[in-house]
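Structural description and commentary
If you want the building blocks of each chain, they are given just below.
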Amino acid sequence: MRTSVNLRMVDIPKLDAATEKSNVGNSDLICRCLKKYLSAHPDWVNKSRINRLVEYQPDGAGYQITNVVFNPVVYNLAVNFRVCSRFSVSKMVTQAIFEYLDEIVKEICGEYEPE
């Protein structure tokens, strides 16, 4: 599933470094981060915010549209969470990268030690 997400500019070099270190493509890293992020927030399904507007990334400087090839299962999960959580997929991806990118790279490189 090919789509575009609006990423923070500060995350682009971080993703590039993670790709180089892990030898895994940006799209795969983003999918892994998003999957972990969505798994960590199952309460969003029970606490529907259906009456709110969808929250998007801020417009303007500091963000860049980036093409991503999503695993269809992860993409559909994100779209379903979007309905309940009222956060855009780009906003969820940005938060997922912030929270999980380093952990995912360590897992891929065999350096991860759970707390």
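This structure is a prediction, so every number in the text was calculated from the model and none was measured. (Residues numbered from 1 in each chain as written. Predicted model: local features only at pLDDT ≥ 70, side-chain atom pairs only at ≥ 80, totals over all residues. Heavy atoms only, no water.)

Here we look at the overall build of the protein
- For the protein, the count of helices and strands is five helices and two strands.
- Seen in sequence order, the protein has helices and strands lined up from the N terminus as β-α-α-α-β-α-α.
- Counting all 115 residues of the protein, 37% fall into the buried class.
- A fraction of 85% describes how many contacts in the protein between residues 6 or more apart in sequence connect residues 24 or more apart.
- When the accessible surface of the protein is split by element, carbon and sulfur atoms take 51% of a total near 6,800 Å². (Helix = DSSP H or I, 4+ residues; strand = E, 2+ residues; numbered from the N terminus. Buried < 20%, exposed > 50% of the residue type's maximum accessible area, 1.4 Å probe, protein only. Contact = heavy atoms within 4.5 Å. Areas by Shrake-Rupley, 256 points an atom, 1.4 Å probe, with all protein chains shown as cover.)

Some details on the packing of aromatic side chains
- Overall, the coordinates contain one aromatic pair when judged by the stated rule.
- Judged by centre distance (5.5 Å) and plane angle (40°), the ring pair of Phe70 and Tyr75 falls under tilted. Of the two residues examined, Phe70 and Tyr75, each falls in the buried class. (Phe/Tyr/Trp six-rings, centres within 6.5 Å; stacked < 30°, edge-to-face > 60°.)

Here we look at unusual backbone geometry
- Backbone geometry at Asn23 places phi at a positive 65°, although glycine is not the residue there.
- Relative to the helices and strands, Asn23 resides in the loop between helix H1 (11–22) and helix H2 (26–39).
- Classification of Asn23 as exposed rests on a relative accessible area of 74%.

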